Amino acid sequence: MQWDKVKNILIAILLAVNLFLMGSLVAKFWQNWQRADELEANLRTLAEGYGVTLAEGFRLPQDKVLPTLSLDRSRTDEEAVAQAMLGANAERTEREDGTVRFESENGFAEWGADGSLHASLLTDGGAPADADAALRQARRLFSAWGLLASDATLQEDGTAVTLTGEVAGQPVHNRTLTLRFDEAGGVTLDGLWSFGTPYTTVRGSGVSCNAADALLEFVARAGDAQQIRSMTAGYRMEMDGSRRLQLTPTWKIVTDSGEYLVDCAKKTIIDQEN
């Protein structure tokens, strides 16, 4: 009987501790939610002072810490894609700036040292009749060329279809390829792309992507933007001073006047041509 009483007391103590810990956790979540809600309300007020509103569905994303990553150029993969487009007998020439051009009777494809791709070629599918047909035909072509990875997404805009895909589980905002169809059955392909697994060469804790700081810096220099609809942390692909491909932590801010990239470390708006 004495042992039964001791067990009941121990169970009651454990239950009380669990309830206390659960209550503390709920209180912490509530406080964090309140702080986030207050911060977003303050940001809306500050943005309005610059003539910029936050869309009704806008939610301030969580801060992130992302490392700067490097990528090695894969000439093997570039050549494989070009041959899938143009045929195995495509002629290859390389310029002093690192641009490699492949050409055949079907058209041409040029890979730049910065990961840029420009191609123009004929296909056997003909011109798509509508946006849905363009999407289906683009999916088939991207797959045949070896560019349609499992995490890839396709977005159509009329007879233009844009391919995007994550790297290391994160979006790379300017790593896109846009396929355009013409009435004669030809296609053009333009954008930036990369192959392989990225790696880090810098020791450290990474770059802090603070959403509130980036948003305030943006609205102060928003230009034509009058409403902010969303913002997403990720990377942008660029070539560094050593002519190596680099993934730099970057915010993408979507507005009523277009999409903008904001460097996480410098809090500066990036020229959209980069």
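Each remark here, short or long, concerns the structure printed above.
Please read all numbers here as calculations on a predicted model, not as lab measurements.

(A) Summary view of the sheet that holds strand β4 (residues 91-94). Overall, antiparallel pairing links the 8 strands, which are arranged β4-β5-β6-β7-β11-β10-β9-β8 in an open sheet. Bordering the open sheet on either side are β4 and β8 (153-157), each of which pairs with just one other strand. Each strand axis lies, on average, 15° off the axis of its neighbour in the sheet, ignoring direction. One ladder, built from 5 bridges, connects strand β5 (residues 100-104) with strand β6 (residues 107-111); its direction is antiparallel. Bridge pairing in β6 places V100 opposite W111. Sheet strands in contact with helix α3 (residues 131-144) are β8, β9 (160-164), β10 (176-181) and β11 (186-192), and its direction is about 125° off that of β10.

(B) Representation of the pattern of salt bridges in the model. Going through the model one piece at a time under the given rule, you end up with 11 salt bridges. R73 is the partner of E78 in a salt bridge, and the nearest nitrogen-oxygen pair spans 3.0 Å. Assessed through its relative accessible area of 5%, E78 is described here as buried. Residues joined in a network through salt bridges with shared partners are R95, R101, E103 and E110.

(C) Expanded view of α3. Its 14 residues give α3 an end-to-end C-alpha distance of 20 Å, which sits within 8% of 20 Å, the value for a rise of 1.5 Å per residue. For α3, the full list of buried residues reads A133, A134, Q137, A138, L141 and F142. The arc that holds the buried residues of α3, viewed along the axis, is 160°, so those residues lie on one side. The N-capping residue of α3, defined by a side-chain oxygen 3.3 Å from the backbone nitrogen of D132, is D130. Directly after α3, the chain includes G146, whose backbone phi takes a positive value near 80°.

What counts and how
- Going along each chain's sequence as written, the residues are numbered from 1 onward.
- Only residues with pLDDT of 70 or above have their local features reported here, since the model is predicted, and side-chain atom pairs are shown and tallied only from 80 upward, although totals for entire chains, interfaces and linings are computed over all residues.
- Each side-chain value is worked out from all heavy atoms of the structure, with water and hydrogens disregarded.
- Whether two strands pair depends on DSSP finding at least two bridges between them.
- Strands are runs of DSSP state E lasting at least two residues, helices are runs of H or I lasting at least four, and both sets are numbered from the N terminus onward.
- To get an axis, fit a line to the C-alpha atoms, keeping to the stretch in contact for a helix; angles then go from 0 to 180 degrees between the N-to-C directions.
- Note on contacts: a residue pair is in contact if any heavy atoms of the two residues lie within 4.5 Å.
- Salt bridges are counted wherever a side-chain nitrogen of Lys or Arg sits within 4 Å of a carboxyl oxygen of Asp or Glu.
- Three exposure classes are used, based on accessible area relative to the maximum for each residue type with a 1.4 Å probe and protein chains only: buried under 20%, partly exposed in between, and exposed over 50%.
- Given a helix with a known number of residues, its expected span is that number minus one, times 1.5 Å.
- Note that the arc is defined by the directions from the helix axis to the C-beta atoms.
- By the criterion applied in these results, polar contacts are pairs of N or O atoms within 3.5 Å in which, for protein atoms, one can donate a hydrogen and the other can accept it, and in which residues neighboring in sequence qualify only through two side-chain atoms.

So yeah, pure geometry; function would need other evidence.
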